[in-house]
Amino acid sequence: MGMRIIGWGTALPEKIVTNADLEKTLDTSDEWIVERSGIHQRHIGDSTAEIAVAAGRNALALAGIAPASIDLMILATTTPDQSIPATSAHVHHELGLGGGAFDVNAACSGFVYSLVMANGLLGSGAKRILVIGAETLSNVTDWSDRKTAILFGDGGGALVLESVPDEGQLLSWDLGLDGSAREILRADHGGFIQMDGREVFKRAVRVLVDSATRALEQAKVRPDQIKLLVPHQANIRIIRAACDRLGIGHERVALVLHRTGNTSSASIPLALVDAIDHDRLEPNDLVLLTGFGAGMTWGSALIRWQDGPSPMPGAGASVDRRTDLDEREDDD
Ligand code: ACO
């Protein structure tokens, strides 16, 4: 038993904050932000539940299934709307889902953690699971701190998964955590994100590469066999360094960072759906999702792509038409 992806969708708040907007309130520049992070703009607004509902609704519509036929919904978020109850309760109600629902907080690795968990549950009785990653990092960002305000944004992405009798699309995975590094990236209750950027950067490259390598080795797949790498969208320099160490060419990377900023657990589904919407995947292509985040957590999942339903107009995020990392780098 395994999983098959039968629907996908994304949601981004309407309001766009560009680097030029940030220049007005912070001692920073578009040039510095683009050079150091690769980010040009980010979307800000709405609640985590609103974003999750919109992404989930798009994914369910594309799958063409009734919301009540969902057995379980997993919401990956590090920015829940309240401490109690879980934001998934709100989302479950708004979407009219069947079964249960719960939140997962594994920071930016949350979507991969949720996907791996869903795959296991689909192998032990669940028929359909909706996995959503949704965040409002703007609520935990200190907009007067130039070291963090330039990086984060809001957004969401979702996949509808169905149980299949064969191995399914998830070929291998790797999840991990180093809690001794929990202080380098954190937000206290009611507080803002505090980050040792250089330390996060250094560790991020290492854990991304190690985790991706473990997932590949488990499935006996070589890096050159990967059609698409879908990394957590935190910083273009982290992504480039990880690609170079893994031996994966920049043209094989899914990238939305330049227009979304870092959206934590939403970033991998946002980038994956963008690649699907741009027809970058064909049946049997190997896709490697890999992320890292506060904790410090990491997670990788190797997927064999299968034909899903044709994307309906408007089901994914609105996108520009550039498709690879190098073309986007030309803009930097
Ligand atoms: N504009 C202009 N100058 C700035 C800015 C800014 N926005 N921010 C910092 N600077 C200055 C610093 O004050 C410093 O000046 P100094 O040399 O006079 O002291 C100089 O620029 C260099 O600062 P660094 O912090 O060394 O810059 P760095 O090249 O490391 O880039 C960045 C900073 C972009 C934050 C980088 O370290 C990074 O991306 N780290 C990883 C962050 C990350 O991935 N976080 C998310 C993890 S997952 C999750 O969030 C949930």
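Reading guide: rules and limits
Residues numbered from 1 in each chain as written. Predicted model: local features only at pLDDT ≥ 70, side-chain atom pairs only at ≥ 80, totals over all residues. Heavy atoms only, no water. Near = heavy atom within 4 Å. Polar contact = N/O pair within 3.5 Å; in protein donor to acceptor, adjacent residues only side chain to side chain. Areas by Shrake-Rupley, 256 points an atom, 1.4 Å probe, with all protein chains shown as cover. Helix = DSSP H or I, 4+ residues; strand = E, 2+ residues; numbered from the N terminus. Nonpolar A, V, L, I, M, F, W, Y, C, P; charged D, E, K, R; others polar. Domains from an automatic or database assignment. Buried < 20%, exposed > 50% of the residue type's maximum accessible area, 1.4 Å probe, protein only. Pairing = 2+ DSSP bridges. Right-handed = clockwise from strand over helix to strand, strands pointing away. Contact = heavy atoms within 4.5 Å. Buried area = accessible area lost by both parts, 1.4 Å probe. Salt bridge = Lys/Arg side-chain N within 4 Å of Asp/Glu carboxyl O.

**Digging into the site of the ligand**
- The environment of the ligand is made up of 24 residues, and the closest members are T28, R36, C108, R198 and N235.
- Interatomic distance of 2.6 Å between a side-chain N/O atom of N235 and an oxygen atom of the ligand.
- Relative to its unbound accessible surface of 1000 Å², the ligand loses 78% to contact with the protein.
- Those elements giving two or more residues to the shell around the ligand turn out to be α2 (30–37), α6 (146–149), α7 (197–219), α8 (236–246) and β12 (286–293).
- For the shell around the ligand, the element with the highest residue contribution is α7, accounting for four residues.
- Of the residues in the shell around the ligand, the class split is 12 nonpolar, six polar and six charged.
- Composition of the shell around the ligand by domain shows at least three residues from each of domain 1 (2–164) and domain 2 (170–304).

**Focus: the pairing of strand β4 (residues 72–76)**
- A large share of β4 lies buried, amounting to five of its five residues.
- Both faces of β4 are covered, namely the face carrying L72, I74 and A76 and the face carrying M73 and L75.
- One ladder, built from five bridges, connects β4 with strand β5 (residues 100–104); its direction is parallel. Opposite A76, over in β5, you have V104 as the bridge partner.
- Read as a crossover between parallel neighbours, the route from β4 over helix α4 (residues 87–95) to β5 is right-handed.

**As for the domain arrangement of the chain**
- Taken domain by domain, the chain comprises domain 1 (2–164) and domain 2 (170–304).
- For domain 1 versus domain 2, the distance between C-alpha centres works out to 15 Å.
- Listed by partner, the interface residues are 49 residues for domain 1 and 43 residues for domain 2.
- A buried area of about 3500 Å², summed over both sides, lies between domain 1 and domain 2, and 69% of it is on carbon and sulfur atoms.
- Broken down residue by residue, the surface that domain 1 buries against domain 2 is led by C108, V112 and Y113, which jointly contribute 17%.
- Taken together, the links from domain 1 to domain 2 amount to zero salt bridges.
- For the pair domain 1 and domain 2, the number of links is 18 residue pairs in polar contact (both at pLDDT 80 or more).

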